[in-house]
Amino acid sequence: MPLPRRGGEPRLAGARVVRTSLPRATPRSPRRVGRGAPLLSHAQRLTRRRHSSDQVPPEPEQADFRSGKWVQERAGGDARDPQHTSPARMGSRQRVAGTEEVVIPCASDSDSGSIDLQLSNLEDIQKDATNVEFADSDIADIPELIQEPLPDNLTPLTPQAPLNEANVEKLVQSIQEVLHGELKGESEKLMFLRSLSSLSQTLPYDETTESFIHRHTPEIVHVLSVLVQEEPLHSLSSLVRQELFVTITDLSYHDVHLLFGSEDGEDLLGLITKSIISLPAVSTPTQLLSTASNQTSHPECLYRQTFQAFSVMLQSLVVKDPHLENFDNIFKHMDPWLQSYKDHERERSTAVMAQVLKCLSCYLNLQLPLQFQRLGHLVAVMALLCGDPLKEVAEEAAEGTHYLLHITLKLKYITQDRDNGKSLRETLKKCRELLEHYSVKQFYRCPFKIVQVFEVFLNSQELGQFIMTTLDSLKSLPHPRTQQTAGELLITLVRSAEARFEKVPEIIGVICARLSIITLPTVRQQIINTVSLFISRPKYTDIVLSHLLCHPVPYDRHLAELWRTLEVELSNTTWVLWRLLRKLQKCHDVPTQEKMAYVAVAVTDALYEVLMGNKLRAAAFRLFPQLLMALLIQIHHSIGLTMSDVSIPSGLYAEQEIPMEVTPLRFAIQATKTLLLRTLCWQEFSIMEKNDGWTLLKGECHLQGVSLLANALLERSHLFAYKTMYLLVPLINRGNEKHKLTSAGFFVELLKSPVARRLPRLYSTVRLKDWLYGENKLFRILALRGLHNLVRHREMREDVKSTIPCILDSLNETDERIVLLAIQILMQLVKTLDSTTLATMMKILCSLFGDVRHDVHHFSMTLFGASIKAVKHTDKKCVESHVLESLVPLLLFSQDDNDDIAKESRRVLTLCAQFLKWKLPREVYCKDPLYIKPNEVRRVCRFFGSYQIMWIPVNSRERVLT
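Rules used in this analysis
- Residues numbered from 1 in each chain as written.
- Predicted model: local features only at pLDDT ≥ 70, side-chain atom pairs only at ≥ 80, totals over all residues.
- Heavy atoms only, no water.
- Helix = DSSP H or I, 4+ residues; strand = E, 2+ residues; numbered from the N terminus.
- Buried < 20%, exposed > 50% of the residue type's maximum accessible area, 1.4 Å probe, protein only.
- Contact = heavy atoms within 4.5 Å.
- Areas by Shrake-Rupley, 256 points an atom, 1.4 Å probe, with all protein chains shown as cover.
- Salt bridge = Lys/Arg side-chain N within 4 Å of Asp/Glu carboxyl O.
- pLDDT = per-residue confidence, 0-100.
- Phe/Tyr/Trp six-rings, centres within 6.5 Å; stacked < 30°, edge-to-face > 60°.
- Lys NZ or Arg CZ within 6 Å of the ring centre and 35° of its normal.
- Axes fitted to C-alpha atoms, helices over the stretch in contact; angles between N-to-C directions.
- Parallel < 35°, antiparallel > 145°, perpendicular 65-115°, else oblique.
- Left-handed = near helix turned anticlockwise from the far one by under 90°.
- Nonpolar A, V, L, I, M, F, W, Y, C, P; charged D, E, K, R; others polar.
- Patch = residues over 30% accessible without salt bridge, like charges linked within 9 Å, V, L, I, M, F, W, Y side chains within 5 Å.
- Arc of directions from axis to C-beta.
- Expected span 1.5 Å × (residues − 1).
- Polar contact = N/O pair within 3.5 Å; in protein donor to acceptor, adjacent residues only side chain to side chain.

Looking at an unreviewed UniProt entry, one finds the protein chain named Protein MROH8 isoform X5 and attributed to Mesocricetus auratus.

Trainee: Describe the overall build of the protein chain, with residues and values.
Mentor: The helix and strand inventory of the protein chain stands at 45 helices and four strands. Residues counted as buried form 59% of the 962 residues belonging to the protein chain. The contacts of the protein chain with a sequence gap of at least 6 include a subset with a gap of at least 24, amounting to 78%. Put simply, the protein chain shows about 40,900 Å² of open surface, and 51% of that area lies on carbon and sulfur atoms.

Trainee: Explain unusual backbone geometry to me, and be specific about the residues and the numbers.
Mentor: The amide bond that connects Val 553 to the next residue, Pro 554, takes the cis arrangement and shows omega of -5°. By the secondary structure assignment, Pro 554 is in the loop between α23 (538-548) and α24 (557-564). The backbone of Lys 503 shows a phi angle near 55°, a positive value even though the residue is not glycine. Mapping Lys 503 onto the fold places it in the loop between α20 (480-497) and α21 (504-514). Its relative accessible area of 58% is what places Lys 503 among the exposed residues. Of note, the phi angle at Asp 692 is positive, near 55°, even though the residue is not glycine. Assignment of secondary structure puts Asp 692 in the loop between α30 (682-690) and α31 (693-698). With a relative accessible area of 43%, Asp 692 lands in the partly exposed category.

Trainee: Hey, could you go over the side chain of His 858 for me, with residue numbers and the actual values?
Mentor: Relative to the elements of secondary structure, His 858 occurs in helix α41 (residues 854-870). On the accessibility criterion, His 858 (18% relative accessible area) is buried. Excluding residues that lie within four positions of it along the chain, His 858 makes contacts with Asp 900, Ile 901 and Glu 904.

Trainee: Go over the pattern of salt bridges with me, naming the residues and quoting the values.
Mentor: Enumeration according to the criterion identifies 25 salt bridges in this entry. For Glu 561, the salt bridge goes to Arg 524, with nearest N and O atoms at 2.4 Å. Remark: Arg 524 occurs in helix α22 (residues 521-536) and Glu 561 occurs in helix α24; sequence separation between them is 37 residues. A relative accessible area of 8% means that Arg 524 is categorised as buried. One network of salt bridges, in which partners are shared, links Asp 343, Arg 346 and Asp 388.

Trainee: How would you summarise the side chain of Thr 492 if you had to cite specific residues and measurements?
Mentor: With respect to the element layout, Thr 492 can be found in helix α20. Thr 492 gets classed as buried once you look at its relative accessible area, which sits at 10%. Excluding residues that lie within four positions of it along the chain, Thr 492 makes contacts with Phe 448, Val 451 and Gln 452.

Trainee: Please set out the confidence of the model for the protein chain residue by residue, giving values where relevant.
Mentor: Considering every residue of the protein chain, the mean pLDDT works out to 75; 73% of them sit at 70 or more. Here residues 289-296 is a poorly scored stretch, pLDDT under 50, and it has 16 contacts once near neighbours within four places are set aside; other chains count. In this model, residues 948-952 is a region of pLDDT below 50 whose contacts with residues beyond four sequence positions or in other chains number six contacts.

Trainee: Describe the packing of aromatic side chains, with residues and values.
Mentor: Using the criterion set out here, one finds 11 aromatic pairs in the structure. Pairing Phe 327 with Phe 372 gives two aromatic rings, centres 5.5 Å apart and planes at 70°, and the pair type is edge-to-face. Of the two residues, Phe 327 sits in helix α12 (residues 324-338) while Phe 372 sits in the loop between α13 (343-362) and α14 (375-386), which places them 45 residues apart along the sequence. The same class applies to Phe 327 and to Phe 372, which are both buried. Between the NZ or CZ atom of Arg 767 and the centre of the ring of Phe 747, over which it lies, the distance is 5.8 Å. The ring of Phe 915 carries the charged tip of Lys 876 above its face, separated from the ring centre by 5.3 Å.

Trainee: Report on the packing of helix α34 (residues 737-750) against helix α36 (residues 777-790), specifying residues and quantitative values.
Mentor: If you want to describe how two helices pack, look at the angle between their axes and the distance between the axes. One way to put it is that α34 packs onto α36 with a least axis distance of 8 Å and a crossing angle of 15°. Taken together, the axis directions place α34 and α36 in an arrangement best described as roughly parallel. Read as a crossing pair, α34 and α36 show a hand that is left-handed. Between α34, through Lys 740, Leu 741, Ala 744, Gly 745, Val 748 and Glu 749, and α36, the contact on the second element is made entirely by Leu 778, Phe 779, Leu 782, Arg 785, Gly 786 and Asn 789.

Trainee: Account for the packing of helix α5 (residues 185-200) against helix α7 (residues 217-230), naming residues and giving values.
Mentor: Orientation of α5 relative to α7, taken along the N-to-C sense of each, is 145°, at an axis distance of 12 Å. The crossing of α5 and α7 is left-handed. When α5 is examined against α7, the residues Lys 189, Phe 192, Leu 193 and Leu 196 are found in contact with a partner set consisting of Ile 220, Val 223, Leu 224, Leu 227 and Glu 230. Split by residue class, the contact of α5 with α7 holds seven nonpolar, no polar and two charged.

Trainee: I'd love a proper account of a nonpolar patch on the surface, names of residues and values included.
Mentor: Taken together, the side chains of Leu 677, Leu 680 and Trp 682 present a nonpolar region at the surface, about 310 Å² in accessible area. Locating Leu 680 in the fold gives a position in the loop between α29 (664-678) and α30. A relative accessible area of 41% means that Leu 680 is categorised as partly exposed.

Trainee: How would you explain α23 if you had to name every residue and give the values?
Mentor: Residue pairs three or four apart in sequence face the same way in an α-helix, which turns once every 3.6 residues. Taken together, the buried positions of α23 are Tyr 540, Thr 541, Val 544, Leu 545 and Leu 548. An end-on view of α23 places all buried positions within 135° of arc, on one side of the element. Here the buried face of α23 lies against α21, α22, α24 and α25 (570-589).

Trainee: Give a detailed account of the environment of Ala 671, specifying residues and quantitative values.
Mentor: With respect to the element layout, Ala 671 can be found in helix α29. Looking at Ala 671, the relative accessible area reads 0%, which means it is buried. For the pair formed by Ala 671 and Leu 628, sequence separation is 43 residues and the distance between their alpha carbons is 9.3 Å. Apart from residues no more than four positions distant in its own chain, Ala 671 is found in contact with Thr 604, Tyr 608, Leu 611 and Leu 631.

Trainee: Can you explain α36? Please cite residues and give values.
Mentor: Its 14 residues give α36 an end-to-end C-alpha distance of 20 Å, which sits within 8% of 20 Å, the value for a rise of 1.5 Å per residue. Taken across its 14 residues, α36 has 11 buried, putting it largely inside the fold. Taken residue by residue, α36 has Phe 779, Arg 780, Ile 781, Leu 782, Ala 783, Leu 784, Gly 786, Leu 787, His 788, Asn 789 and Leu 790 as its buried positions. Considering only its buried residues, α36 is in contact with α32 (702-716), α34, α35 (765-773), α37 (797-801), α38 (804-810) and α39 (816-829). Here α36 starts with a cap whose side-chain oxygen sits 2.9 Å from the backbone nitrogen of Leu 778, and that cap is Asn 776.

Trainee: Tell me about the environment of Lys 274, residues and numbers included.
Mentor: In this fold, Lys 274 is placed in helix α9 (residues 263-277). Through-space distance from the C-alpha of Lys 274 to that of Met 334 is 8.8 Å; in sequence the pair is 60 residues apart. With sequence-adjacent residues up to four places away left out, Lys 274 is seen in contact with Leu 233 and Trp 337.

Trainee: Requested: an account of the environment of Met 191, with residues and values cited.
Mentor: Turning to its location among the elements, Met 191 is positioned in helix α5. Distance from Met 191 to Val 240, taken between C-alpha atoms, is 9.7 Å for residues 49 residues apart in sequence.

Take a look at the structure:
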């Protein structure tokens, strides 16, 4: 028995005949109608034409805002064209001349712009609209979003008679046989699908049918899944696929939603989407239709009908189950195809999304929650498609974005916070102002302008979705133009949204991962500028820096390029460089650890790259003292270390082997060199090179290298030197021991400068005196070095004299450097010392005569001679005994093998004779060894014996007499 004709329930007029390829929504945006108007009062015809076909007659023209051309479209059921009214009055399927009509219950053309917001609280919102001082007029003011409605010339069709019980039973029986058996051949499959569709017409008035379908929904979904899987993926060889789409549409129309609410339904939606989108391009009909179907001899026509049926099916899902979650599910399955490498797949999926968004815009009859799950991701995908190199894809995406903006505006209006109406009004005003700058056509062909409008509606989470989607698309973009679009979208969004982002570390991580695959220089710079914008915001600076520093050193060429080309606003350059520097300084503030912190090495390498790029030059000049000292301290910490002595985060290098030449010291040295060159300290750099200063810095003589650099800076760059000294005044007391030593080493050399006279005693002599009494030998050396530099300033000598007792104690040190420094200080102060201090000092110096350390021996005699000269005539008695005690040692050492010591001994011996008013025999000055001239020895001994030999110590007296 033939299946009854579909249409058991009255159909609505205005059903548009499906005859075109990729449906294209007309540029009509929603308009409001009176509340309570029925959602599905009419059926909307959804024909769209792109490709010509012999089976599709020409139709009247209608304006299309995108291309300026005319698209051909006819409203079915027009009373003025009875030729087309008759087919419209048929059922949902009436197969005539190989052409099939597919309809979807929608609003009539006259209501195509309606938005019926049937919400439980909508009435309250409308009543309070005046309280927030704006209403729909705020949205209506947006340019080119409101179009004239279509004429309301469509009337309901005459209802068809319901099926009798016998027919219903036969339909149920035939469906049950399939559910418990299997389908063989195309005809059986079509019979099953049409039976199921016809049975759905009885749902409104037959409870038995309703119970049967709902009870067997899982089995029906399973059978449909099998049918889809049995269809060839690369050809249209039957009408089964098209019939399946129409069947699901009919069931959806009667509130039987097979594709939502279950995991199997979700899988079926995925299978259906793949089965139609992945078909070969229409331009290859021999592939599209491998075996011509009996129903049609035109593969392109069959494809268009099938595609339109698929599009209508998705629209019916949106209309009849008013939850945004359902749209999100549709988008989830369309998403991979929207980003496909193949042009025809992107074109199909974009056309479908445009239609679905249009349908959603026209019938915004939604239930809570009133928000997209991934609005940011959706906007990003559509914006990227607006920049697609394929014109058809870009136009469809622009149209879909048009409707998406309308939906977003309405949802924003509905979900507004009544207490925050002013904020919403300002948001809408900003949106309107942006739109007024461009025509709609121009606006939607500039993706970055889309970002400017949508940004005001996206929250922080959605902003993150937008950025992540755009970044993810960079790894699979087939066309340079689309890469450029992605770069423009990113930089525009970050500039517009400023500090409203979340998950910034994840964003920076994806950017770093994508840099290696972006080849266009302009796009690379846009991506890097995106990082620059983030790092310039104080809210994100530390977050971005921390993530960038969690990469292996030395940085690869992509990260090195990022560091070198950071484009930070001039007002923020110091802040960014300061935050990077602080990460290094914090590593120096803690006690010395067993292993060096990895961040210290990473920051050092980052500073080198930043300085090499020279983009933050102004900040480098401003922070020169801090940068220089931090790097010198890092050099001190890095001496003798390898990367095995660094606490490297697990998994950072994976299975990579770190080259032996990569050491923390290498990074610190190269950063220090670059700092000097970038801040124009070329002469200081040259001094370090000529005097092997870098070698000194890298070894045990680190403090000597620090001293060399400090003196070079003081000699050539006074301003830098003075700024550094003021920085070091508080810095010396901070950090661990190496931190303090390097700071002190630099500080004491700068005490030579005239600025040192302005320092309070607390930060100069008092501090140095504390170091002298300390247990650390290096600090005692630095203290004496500082005192030696301070004593050059006459104003400071009185303060330095207060440390004389400590300096005299230093003469007894075993370390030669300490003794020599003490002697140098005393040489400068000897003329100002009183007799008591001179006597004490001369006694100590006499004990140093004959010291095995030649320099100590030599300079102790020199200081002794200077002390004799400094004694006042009235104080001679105080030091006379020390002078007499020095005669024999000086006489003996005048015969020393070291010519310098022998010469100095004779000179000081002469000073002693002058002090005692003695006239020494000329044999004393004999340069020849006395042991070969016994006669001269006797004369010398007789001379000293005749002058109060009792003053000579007993041991020396015996030697003389001998």
